[in-house]
Amino acid sequence: MFNIVLFNPQIPPNTGNIGRLCVNAGAKLHIVKPIGFDISEKAVKRAGLDYWDRLDLTIWENVEEFLENVDTNRCFFATTKTKTPYFKKNYKKGDYFIFGSETKGIDEEILKKYQNNAITIPMTKEGRSLNLAVSCGIILYEAIRQNFEDLNDLYQ
């Protein structure tokens with residue numbers, strides 16, 4: 001199982017769609033406070049459709065609590081502020097893929113501290129970022145591709 005981590009999510013439909021992605025990909029979702037909306041908000045549940053009750057979800061009080069309780073060597077920080085493409089890293093089952101808020105990304109101090117595990121999704125100069133749910137899907141399915149020759153093994 002892989003882990004998707006959202007630091008300070010701001011947009012309910014993105015979080016709902018990411019929850020749906022996690023259920024369908026067999027991943028766990030971690031949401032790190034502060035959250036820019038009520039987690040029980042109708043928009044989150046609507047975006048997650050009937051998946052939200054099947055979601056493996058952990059809510060963390062803050063970034064420090066999260067980072068103190070996970071293996072940070074297996075955390076990958078998605079950002080536009082690095083040159084390392086996500087597909088150049090080797091992922092293992094249990095890895096954490098961390099995404100910042102839609103408006104601010106991941107804090108610069110965190111990126112500096114974990115710069116060796118910063119990854120990016122290459123884009124043309126015409127755009128500045130991708131939708132958060134799309135970004136989660138791209139990286140999560142690359143990790144699945146690297147680790148499961150037979151996709152039936154993913155769901156055992």
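The structure displayed is predicted, hence computed values, not measured ones. (Residues numbered from 1 in each chain as written. Predicted model: local features only at pLDDT ≥ 70, side-chain atom pairs only at ≥ 80, totals over all residues. Heavy atoms only, no water.)

Taken together, Met-123, Leu-130 and Val-134 make up a surface patch of nonpolar side chains, about 220 Å² in accessible area. Within the secondary structure, Leu-130 sits in the loop between β6 (118-119) and α5 (132-147). (Patch = residues over 30% accessible without salt bridge, like charges linked within 9 Å, V, L, I, M, F, W, Y side chains within 5 Å. Areas by Shrake-Rupley, 256 points an atom, 1.4 Å probe, with all protein chains shown as cover. Salt bridge = Lys/Arg side-chain N within 4 Å of Asp/Glu carboxyl O. Helix = DSSP H or I, 4+ residues; strand = E, 2+ residues; numbered from the N terminus.)

A word on the nonpolar core. Core analysis: the biggest nonpolar cluster contains 28 residues, and Ile-4, Ile-18, Leu-29, Phe-97 and Phe-99 have the highest contact counts within it. Only β1 (3-7), α1 (12-25), β2 (28-32), β4 (75-78), β5 (96-99) and α5 provide two or more residues apiece to this core. With near-sequence residues (within four places) excluded, Phe-99 lies in contact with Ile-4, Val-5, Leu-6, Phe-7, Ala-78, Ile-106, Leu-132, Ser-135, Cys-136 and Ile-139. Counting residues in hydrophobic clusters, the runner-up holds 16 residues, among them Leu-67, Ile-106, Leu-111 and Tyr-114. (Core = buried A, V, L, I, M, F, W, Y, C linked by side-chain atoms within 4.5 Å. Buried < 20%, exposed > 50% of the residue type's maximum accessible area, 1.4 Å probe, protein only. Contact = heavy atoms within 4.5 Å.)

A few words now on the packing of aromatic side chains. Applying the stated criterion across every chain yields a total of ten aromatic pairs. Ring geometry for Phe-77 against Tyr-114: centres 4.9 Å apart, planes inclined by 15°, an arrangement best described as stacked. Placement of the pair is Phe-77 in strand β4 and Tyr-114 in the loop between α4 (108-113) and β6, with a sequence separation of 37 residues. Like Phe-77, the residue Tyr-114 is buried in the burial classification. (Phe/Tyr/Trp six-rings, centres within 6.5 Å; stacked < 30°, edge-to-face > 60°.)

Next up on the list: the side chain of Asn-14. Checked against the element boundaries, Asn-14 lands in helix α1. Discounting chain neighbours no more than four positions away, the residues touching Asn-14 are Glu-102, Asn-131, Leu-132 and Ala-133.

Coordinates in, geometry out; function isn't part of it.
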